[in-house]
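Close look at the chain arrangement
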Amino acid sequence: MKLVDLRSDTVTQPTPEMRAAMASAEVGDDVMGEDPTVNRLEALAAEKMGKEAGLFVASGTMGNLVAVLTHCNRGDEMILGNLSHTFLFEAGGSAALGGVHAYVLPNQPDGSLALQDIAAAFRADDPHYPVSRLLVLENTHNRCGGTVLGPDYLSQVGDLVRKLGLHLHIDGARIFNAAAALGLPVQALTREADSITFCLSKGLCAPVGSVLCGSREFIARARRIRKQLGGGMRQAGVLAAAGIVALETMTGRLVEDHRRACQLAQGLREVPGLIVENPVPATNMVFAHLSDAVPLDGGTVVQRMAAEGVKIGLAGERRFRMVTHYWVDDEGVEQAVEAMRKVLQ
Ligand SMILES: *Cc1c(COP(=O)(O)O)cnc(C)c1O
């Protein structure tokens, strides 16, 4: 039986081309700025994002944390969504390590933050208040269903943050999925941002790493913060080499993952007992939950699906997340639908 792993696009393994690039990568001491492959990845990432400079970091979490600590002083406030990855899933790093205060706004169903909420969250200059410093957006928005923030909304946010004097960081872990879904170059989604993090190790299939991009001055400060966090890596070119292959060869094919997510959602919609929440997924994620009539709990369904060779993510007591990626083909999608039919029959 073939194994189909839909738990996340983080499970993607490096392609043979990546492994070959890693094996032959030219390397040096990156803390001394001497790893030519890391330097090439950072320059390539910055160019793609339309920013002056890039910084290779160990993970998306580290990229966001470095960004927050570079933008904010202790006691400053960042405004972010209640369903954002940075708020929910990064172990409170910005508070623990940066003393940064979080002002949490409700994410709208499309992953956005309402402009009037942002404006209302901004603090007047008053010794009672923390200093409003940073707005964090997420694109695509993971917990909201892999939803996409488009250029019109982003440009309105850009106008607002400039008016208020806030900095804007985009957690663009899957920004290339957003760009692919819109059929736009990724720069159309990064223009308003002072900084942006994106992941090499999700849909782009690299084994490790993210890149934080911003102005040359910002990245110079971020480099010191990365060192403080213990993220200065030495011959990291072996990892960056896979990242270069990811950027050069994997972004153009993400539409295939989106097509398969659509196929998966449509197939699952026909399975009695399962309610697909986004029958036309915005990107590569399908969310579904069990109807009240189903006597099984979510954990049991996950286990029985695994016994059929299909791993899915539990996203609530009776709710699932399924993510398509490079290692899931059309047959894998069919196998997943058939497995769900069998488990729920
Ligand atoms: C995966 C993810 C991250 C970073 O995750 P790491 O596992 O630390 O690389 C950040 N933001 C979002 C929205 C994500 O989905």
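Residues numbered from 1 in each chain as written. Predicted model: local features only at pLDDT ≥ 70, side-chain atom pairs only at ≥ 80, totals over all residues. Heavy atoms only, no water.

Below, the discussion takes up the overall build of the protein. Per the secondary structure count, the protein includes 13 helices and 13 strands. If you line up the protein on its principal axes, its C-alpha atoms span 60 × 55 × 35 Å. Per-residue burial over the protein gives 56% buried out of 345 residues. Counting only carbon and sulfur atoms, one obtains 52% of the accessible surface of the protein, whose full area is about 14500 Å². A distance of 2 Å separates the average location of the 33 positive side-chain charges in the protein from that of its 39 negative side-chain charges. (Helix = DSSP H or I, 4+ residues; strand = E, 2+ residues; numbered from the N terminus. Buried < 20%, exposed > 50% of the residue type's maximum accessible area, 1.4 Å probe, protein only. Areas by Shrake-Rupley, 256 points an atom, 1.4 Å probe, with all protein chains shown as cover. Lys, Arg positive; Asp, Glu negative; His and termini not counted. Charge placed at Lys NZ, Arg CZ, Asp CG, Glu CD.)

With that out of the way, let us pick up helix H9 (residues 216–228). For an α-helix, 3.6 residues make a turn, and residues three or four places apart therefore share a direction. The terminal C-alpha atoms of H9 lie 19 Å apart, and with 13 residues this matches the ideal 18 Å at 1.5 Å per residue to within 8%. Among the residues making up H9, those that are buried are Phe218, Ile219, Ala222, Ile225 and Arg226. End-on view of H9: buried residues confined to an arc of 110 degrees, all on one side of the axis. Exposed residues pointing more than 90 degrees away from the buried face of H9 are listed as Arg216, Arg224 and Gln228. On the buried face of H9, the contacting elements are helix H2 (36–49), strand E2 (53–57), helix H3 (60–71), strand E7 (195–199) and strand E8 (210–214). In the segment just after H9, Gly230 is the residue with positive phi, at about 80 degrees. (Expected span 1.5 Å × (residues − 1). Arc of directions from axis to C-beta. Contact = heavy atoms within 4.5 Å.)

Size of an interface: often given as the accessible area lost when the parts come together. When its domains are assigned, the protein resolves into domain 1 (14–249) and domain 2 (253–344). The C-alpha centroid of domain 2 is placed 29 Å from the C-alpha centroid of domain 1. Summed over the shared surface of domain 1 and domain 2, the result is zero salt bridges. In this assembly, domain 1 and domain 2 are joined by three residue pairs in polar contact (both at pLDDT 80 or more). Among the elements that line the side of domain 1 that touches domain 2, the one with the most residues is helix H8 (residues 175–182), at four residues. (Domains from an automatic or database assignment. Salt bridge = Lys/Arg side-chain N within 4 Å of Asp/Glu carboxyl O. Polar contact = N/O pair within 3.5 Å; in protein donor to acceptor, adjacent residues only side chain to side chain.)

Attention shifts here to the nonpolar core. Counting 51 residues, the largest nonpolar core has Leu135 and Phe198 as its most contacted members. Examining the composition of this core, we find that seven residues originate from one element, helix H10 (residues 237–249), more than from any other. If we ignore the near neighbours within four places in the chain, the residues touching Phe198 are Ala45, Met49, Gly172, Ala173, Ile175, Phe176, Ser210, Val211, Cys213 and Leu247. (Core = buried A, V, L, I, M, F, W, Y, C linked by side-chain atoms within 4.5 Å.)

What follows deals with the environment of Ala193. Here Ala193 lies in the loop between H8 and E7. Remark: the alpha-carbon pair of Ala193 and Leu137, spanning 56 residues in sequence, is separated by 9.4 Å. In contact with Ala193, not counting residues within four places along its chain, are Lys51, Leu168 and Ile170.

Checked against the element boundaries, Glu138 lands in strand E5 (residues 132–138). The buried charged residue Glu138 lacks any salt bridge partner; its closest oppositely charged side chain belongs to Arg174, at an N-O distance of 6.2 Å. At 2.6 Å, the side chain of Glu138 forms a polar contact with the backbone nitrogen of His85. A distance of 3.0 Å separates the side chain of Glu138 from the backbone nitrogen of Asn142, its partner in a polar contact.

Let us look at empty space enclosed by the protein. For the coordinates displayed, the defined rule picks out one cavity of 30 Å³ or more. The computed volume of the largest cavity comes to approximately 40 Å³. Every residue lining the largest cavity is listed: Ala173, Arg174, Phe176, Asn177, Cys199, Lys202, Gly203 and Leu204. Looking at the lining of the largest cavity, its residues break down into four nonpolar, two polar and two charged. (1 Å grid on protein atoms, 1.4 Å probe; cavity = no way out; pocket = protein on both sides within 12 Å on 5 of 7 lines; lining within 4 Å. Points joined across faces, edges and corners; volume = space filled by probe spheres on them. Nonpolar A, V, L, I, M, F, W, Y, C, P; charged D, E, K, R; others polar.)

A separate point is the site of the ligand. The immediate surroundings of the ligand are formed by Ser59, Gly60, Thr61, Asn64, His85, Glu90, Glu138, Asn142, Asp171, Ala173, Arg174 and Lys202. Contact between the ligand and Arg174: an oxygen atom at 2.9 Å from a side-chain N or O atom of the residue. One of the side-chain N or O atoms of Lys202 is found 2.8 Å from an oxygen atom in the ligand. When the free accessible area of the ligand is taken as 380 Å², the share hidden by the protein chains comes to 84%. It is H3 that provides the largest number of residues to the shell around the ligand, a total of three residues. Per-class residue counts for the shell around the ligand are one nonpolar, six polar and five charged. (Near = heavy atom within 4 Å.)

What follows deals with the pattern of salt bridges. Tallied over the entire structure, the rule returns 19 salt bridges. The shortest N-O distance in the salt bridge between Arg133 and Asp76 comes to 2.7 Å. Within this pair, whereas Arg133 is found in strand E5, its partner Asp76 is found in the loop between H3 and strand E3 (77–81), the two being separated by 57 residues in sequence. Assessed through its relative accessible area of 25%, Arg133 is described here as partly exposed. Assessed through its relative accessible area of 4%, Asp76 is described here as buried. Of the charged contacts in the structure, one is a salt bridge between Glu308 and Lys342, with a shortest N-O distance of 3.2 Å. Here Glu308 is found in the loop between helix H12 (298–307) and strand E11 (310–311), whereas its partner Lys342 is found in helix H13 (residues 330–344), with 34 residues between them in sequence. Through salt bridges with shared partners, one network takes in Glu256, Arg259, Arg260 and Asp330.

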